[in-house]
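Structural overview for review
Listed here are the chains, written in short residue letters.
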Amino acid sequence: MQRLVIATRGSKLALWQANHIKSQLELRHGNAVAVELLILKTKGDKILDVPLAKVGGKGLFVKEIEDALLDGRADLAVHSMKDVPVELPEGLVLGIVPPRELVTDCLLSVHWPTLESLPLGAVVGTSSLRRQCQLRALRPDLQLEHLRGNVDTRLNKLLAGEFAAIVMATAGMRRLGLKAPHMQELGPPHFLPAVGQGALGIEYCQDRADLLEYLGFMDHPPTRITVEAERGFLTGLNGGCQVPIAAHGVLDGKTVRLEGLVADPDTGETIRRSTEGPAHQAFALGLALADTVLAAGGKVILDRVYAAGHARA
């Protein structure tokens, strides 16, 4: 019997994701594998009183988990792809990308069914600069306030009346089976997701070719291709998951269509461009779109954002 240890964060969503992969392995391989979880706390889990954009540093939700892979405490790790820096530590690979959940964000409210119906000056909770910028573009009157914590914590603050609405990823809500009285999806083309949103990544040491025998059946090439395009865009901008960058890739046959944006959270200025190209050049397509956005004014915006103290990845 092969013993496999999955490193994961301890939040309900992270545990759902790790247990989902665990159950897939057990369903596929039966008694041939014994899967255990190694639950770890990351820097991003420990710092809850500061917006992530102000914390700084790469891999706020993955470093401690990657350390466990490198020192042999764990065989594989399950991540939310939007948390994973493009540049991985030497010796590690994102070998498996399972099928993606919905990429959209979701506006949750007790009293108001849509973004348009929120009262003038309503308080909306989100700490994501990406979400804040796109919300301001649609509703400049809203009062946007810092909101951190796991999915349950944020939802409970909404239900307790601290916010008129909050915004969270649809994928997390669906995976945990959570609901609010009113839920409105915010998605393309008007509201772009974070890079890799809704996708999972399975990371392990690159010298562990034996793991492909157990994990390979979960890899989903269409998801991998679109996520690679989005991560190429992020790489070309030298950005991280906590800066006002959004991207959405769609695979149509052998063609990838990619849309990306950079926004200034203070001025509301947004640079948004799109492109398409061959699926086998997905990452390079993202890099090229980043160059287009930078040349169109994105570099000036990002320089302003970083100068204001937001985290450079």
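Please refer to the structure higher up on the page.
Our subject in this report is the structure included herewith. (Residues numbered from 1 in each chain as written. Predicted model: local features only at pLDDT ≥ 70, side-chain atom pairs only at ≥ 80, totals over all residues. Heavy atoms only, no water.)

1. Here we look at the overall build of the protein
Helix and strand counts for the protein come out as ten helices and 13 strands. For 313 residues, the compact-globule estimate of 2.2 N^0.38 gives 20 Å, and the protein sits close to it at 19 Å. Overall size of the protein, expressed as C-alpha extent along the three principal axes, is 60 × 45 × 35 Å. Counting the 313 residues in the protein, one finds 53% classified as buried. Residue pairs in contact within the protein that sit at least 24 positions apart in sequence constitute 70% of those at least 6 positions apart. Taking the average place of the 34 positive charges on the side chains of the protein and the average place of its 35 negative ones, the gap between the two points comes to 3 Å. (Helix = DSSP H or I, 4+ residues; strand = E, 2+ residues; numbered from the N terminus. Rg over C-alpha atoms; globule rule 2.2 N^0.38 Å. Buried < 20%, exposed > 50% of the residue type's maximum accessible area, 1.4 Å probe, protein only. Contact = heavy atoms within 4.5 Å. Lys, Arg positive; Asp, Glu negative; His and termini not counted. Charge placed at Lys NZ, Arg CZ, Asp CG, Glu CD.)

2. What to know about the sheet that holds strand E11 (residues 245-252)
Read from one edge of the open sheet, three strands run E11-E12-E13, paired in antiparallel fashion. Looking at the sheet topology across the chains shown, the edges are occupied by E11 and strand E13 (270-278). Neighbour-to-neighbour, the strand axes of this sheet turn through a mean angle of 15°, independent of strand direction. Bridge count between E11 and strand E12 (residues 255-263): eight bridges; the pairing is antiparallel. Looking across to E12, one finds that Leu251 is bridged to Val256. Contacting E11 and E12, helix H9 (residues 221-236) crosses the sheet at an angle of about 145° to E11. (Pairing = 2+ DSSP bridges. Axes fitted to C-alpha atoms, helices over the stretch in contact; angles between N-to-C directions.)

3. Section: the nonpolar core
A general tendency of soluble globular proteins is for nonpolar side chains to be buried together. Grouped together as the largest cluster of nonpolar side chains are 23 residues, with contacts concentrated most on Phe233, Leu237, Ile245, Val256, Leu258, Val262 and Leu302. Of all the secondary structure elements, the ones that give two or more residues to this core are H9, E11, E12 and helix H10 (282-307). Among the elements that make up this core, the one with the highest residue count is H10 (nine residues). With sequence-adjacent residues up to four places away left out, Leu302 is seen in contact with Leu237, Ile245, Val262 and Leu294. (Core = buried A, V, L, I, M, F, W, Y, C linked by side-chain atoms within 4.5 Å.)

4. Considering unusual backbone geometry
Of the consecutive residues Pro188 and Pro189, the connecting peptide bond is found in the cis state with omega at 5°. Counting through the fold element by element, Pro189 comes out in the loop between strand E9 (182-186) and strand E10 (200-205).

5. Focus: the pattern of salt bridges
Inspection of every chain in the model, using the stated rule, returns 20 salt bridges. In this structure, Arg73 and Asp71 form a salt bridge, with 2.9 Å as the shortest nitrogen-oxygen distance. What makes Arg73 partly exposed here is its relative accessible area of 41%. Across the pair Arg224 and Asp219 runs a salt bridge whose closest N-O atoms are separated by 3.0 Å. Residues joined by salt bridges that share partners form a network here, namely Asp75, Arg208 and Asp210. (Salt bridge = Lys/Arg side-chain N within 4 Å of Asp/Glu carboxyl O.)

6. Details of helix H5 (residues 129-138)
Summarising burial for H5: seven of the ten residues are buried, a large majority. When H5 is considered as a whole, its buried residues turn out to be Leu129, Arg130, Arg131, Gln132, Cys133, Gln134 and Leu135.

7. Concerning the environment of Ala14
Locating Ala14 in the fold gives a position in helix H1 (residues 12-29). Put simply, Ala14 and Asn150 are 136 residues apart on the chain and 9.8 Å apart in space, counted from C-alpha to C-alpha. Residues contacting Ala14, with those up to four places away along its chain left out, are Thr8 and Arg9.

8. What about the packing of H9 against H10?
The contact between H9 and H10 brings their axes to 6 Å, and the two run at 35°. Pair H9 / H10 crosses with right-handed handedness. Contact residues: Ile225, Glu228, Ala229, Arg231, Gly232, Phe233, Thr235 and Gly236 in H9; Ala282, Phe283, Gly286, Leu287, Leu289, Ala290, Val293 and Leu294 in H10. Partitioned by chemical class, the residues of the contact of H9 with H10 number ten nonpolar, four polar and two charged. (Left-handed = near helix turned anticlockwise from the far one by under 90°. Nonpolar A, V, L, I, M, F, W, Y, C, P; charged D, E, K, R; others polar.)

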